[in-house]
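An overview of the molecular structure
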Amino acid sequence: MKILGIETSCDETAAAVVEDGAKILSNVVVSQIDIFAEYGGVIPEVAARSHLEAMMPVVNKALSDAGCTWEDIDAIAVTHAPGLLGSLLIGTLTARTLAILHDKPLYAVHHLKSHVYANWLSGEKPAFPLLALVISGGHTQILYMPAHNQFEIIGTTRDDAVGECFDKVAKILGLPYPGGPSIAKAASEGDAEKCKLPHPKIEGLDFSFSGLKTAVLRAVQKELGLPISHPSYDLKNHLSEKQVADFAASFQKTAVEILCEKLALALEQHPDVQSVVIAGGVSANKALREALPEAYFPAPALSGDNGAMVAAAAYYEIISGVEPTDPYSLNIYPRISIEK
Ligand code: KG4
Ligand code: ZN
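Please read these numbers as outputs of a predicted model, since none were measured by experiment. (Residues numbered from 1 in each chain as written. Chains lettered and ligands numbered in written order. Predicted model: local features only at pLDDT ≥ 70, side-chain atom pairs only at ≥ 80, totals over all residues. Heavy atoms only, no water.)

**Some words on helix α6 (residues 179-187)**
All buried positions along α6 are accounted for by Gly179, Ser182, Ile183, Ala186 and Ala187. Taken end-on, α6 shows its buried residues confined to a sector of 135°, consistent with a single buried face. The outward face of α6, more than 90 degrees from its buried face, is lined by the exposed residues Pro181 and Lys185. The inward-facing, buried residues of α6 abut α5 (162-173) and α9 (241-269). (Buried < 20%, exposed > 50% of the residue type's maximum accessible area, 1.4 Å probe, protein only. Helix = DSSP H or I, 4+ residues; strand = E, 2+ residues; numbered from the N terminus. Arc of directions from axis to C-beta. Contact = heavy atoms within 4.5 Å.)

**Section: the packing of aromatic side chains**
Under the defined criterion, the tally for this structure stands at seven aromatic pairs. Following the ring pairs from residue to residue traces out a cluster consisting of Tyr117, Trp120, Phe128, Tyr315 and Tyr316. (Phe/Tyr/Trp six-rings, centres within 6.5 Å; stacked < 30°, edge-to-face > 60°.)

**Description of the site of ligand 1**
Neighbouring ligand 1 are 18 residues; His115, Gly137, Asp167, Gly180 and Gly281 lie closest to it. A distance of 3.0 Å separates an oxygen atom of ligand 1 from a polar atom in the side chain of His111. Here a nitrogen atom of ligand 1 sits 3.0 Å away from a polar atom, N or O, in the side chain of Asn285. Contributing elements (two or more residues each) for the shell around ligand 1: α4 (111-117), α5 and α6. Partitioning the shell around ligand 1 into residue classes produces four nonpolar, 12 polar and two charged. (Near = heavy atom within 4 Å. Polar contact = N/O pair within 3.5 Å; in protein donor to acceptor, adjacent residues only side chain to side chain. Nonpolar A, V, L, I, M, F, W, Y, C, P; charged D, E, K, R; others polar.)

**Quick notes on the coordination of the zinc ion (ligand 2)**
Looking at the zinc ion (ligand 2), the protein donor atoms are His111 (NE2), His115 (NE2) and Asp305 (OD), and they sit 2.0 to 2.1 Å from it. Donor residues for the zinc ion (ligand 2) sit on one chain with the sequence pattern H-x3-H-x189-D. With His115 in helix α4 and Asp305 in the loop between α10 (286-291) and α11 (307-319), this residue pair connects regions lying 190 residues apart in the sequence. (Donors = N, O, S within 2.8 Å, 3.2 Å for Na, K, Ca; no water.)

**Regarding the nonpolar core**
A general trend in soluble globular proteins is that nonpolar side chains are found buried together. Membership of the largest hydrophobic core comes to 50 residues, with the highest contact counts inside it found for Leu173, Ile183, Phe251, Ile278 and Leu288. Mapped by element, the contributors of at least two residues to this core are β6 (130-135), β7 (140-145), α5, α6, α7 (210-224), α9 and β9 (275-279). Contact partners of Ile278, with chain neighbours within four places excluded, come to Asn119, Leu133, Ile135, Leu263, Ser283, Leu288, Leu292, Ala295, Tyr296, Phe297 and Pro298. Counting 34 residues, the second largest nonpolar core, distinct from the first, contains Ala75, Val134, Leu302 and Met309. (Core = buried A, V, L, I, M, F, W, Y, C linked by side-chain atoms within 4.5 Å.)

**Observations regarding unusual backbone geometry**
Omega for the bond connecting Phe128 with Pro129 falls within 30 degrees of zero, at -10°, which places this linkage in the cis form. Here Pro129 is to be found in the loop between α4 and β6. Cis geometry is found at the peptide bond from Tyr177 to Pro178, where omega equals -10°. Relative to the elements of secondary structure, Pro178 occurs in the loop between α5 and α6.

**As for the environment of Ala295**
Within the fold, Ala295 resides in the loop between α10 and α11. With residues up to four places along the chain from it excluded, the contact list for Ala295 reads Val276 and Ile278.

**Some points on the sheet that holds strand β8 (residues 152-156)**
In space, the four strands of this open sheet follow the order β8-β7-β6-β9, with mixed pairing throughout. Both outer strands of the open sheet, β8 and β9, are each paired with one neighbouring strand and no more. In this sheet, neighbouring strand axes are inclined to one another by 20° on average, regardless of whether the strands run parallel or antiparallel. The pairing of β7 with β8 spans four bridges and is antiparallel. Paired with Ile142 across the bridge in β8 is Gly155. Relative to the sheet, α9 contacts β6, β7, β8 and β9, its axis offset from that of β6 by approximately 155°. (Pairing = 2+ DSSP bridges. Axes fitted to C-alpha atoms, helices over the stretch in contact; angles between N-to-C directions.)

And the structure:
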């Protein structure tokens, strides 16, 4: 079964053709990073407009790279939640129109589910029941999955997502958007022991990352001998390259430790678990990959947003008995939970 997956939930316009939820026939991703690096973050209206321009060329390239015509496509899958409203609209309107035009069944997929299923696109398949640590720019959750397409949220962030924390700390340090990769790069030259940062005092499986961001801010101010009233946007002008590298390394080490601690606690509480999968943009992080050698990680190119994971998630919905959605009435949900 060949599925065309379409993804536009944030700032990547993506489409892919995947066979039987595992074999990637094509995977086209057009990133808007260059546009938003200039602004230091995503501007939703600009993202939506860029999706509109890139969408059909990306879909057509996904089909031609796969050597497919519409005849060969068995179903269309699209991200309908959660994400930026305008961005989700472009992807879903495209998928709805194509489904009607080419008379294909349409599947609406939750973005975090897609991230989890990026782990079924290469290598050995994870065994159930499993724990999924979903770490992206908008979410930080631990999910318990007893079987395909079944998700229970057992831990979630009470404030910022871990990816958001990487992005905010990068801003403080004057590193370019998106923060995750630039923190990782700077950290590779730094001393992670240089600055001791606190772990949040939250019992159980929930996370908190806003305190860590503030702790970095205070540590930088202290290092520079500046008062806490000194504006965060100006700190980068006073930091040396070595100081930036040391703060990046210390922050990354602490963030990785926090994720690993919660995951260890979740495993303790769920002794039936057979495997652990890591999903979402932050799963690209090398230090995290090294800290969790037993866990499943997506291929680095599939950690971030892409269409292949959407197609894979839809495949497992189909074999779990999920019915296609009505292309005339499919809605978008910028904030809906994976459990809904
Ligand atoms: O999954 P994703 O591409 O988009 C969302 O669904 O949010 O995740 C984006 C997030 C950003 O916060 C970005 O800084 C982070 O993933 N990220 C990383 C790395 N690459 C991307 N964080 C840490 N280390 C990385 N190498
Ligand atoms: Zn994502």
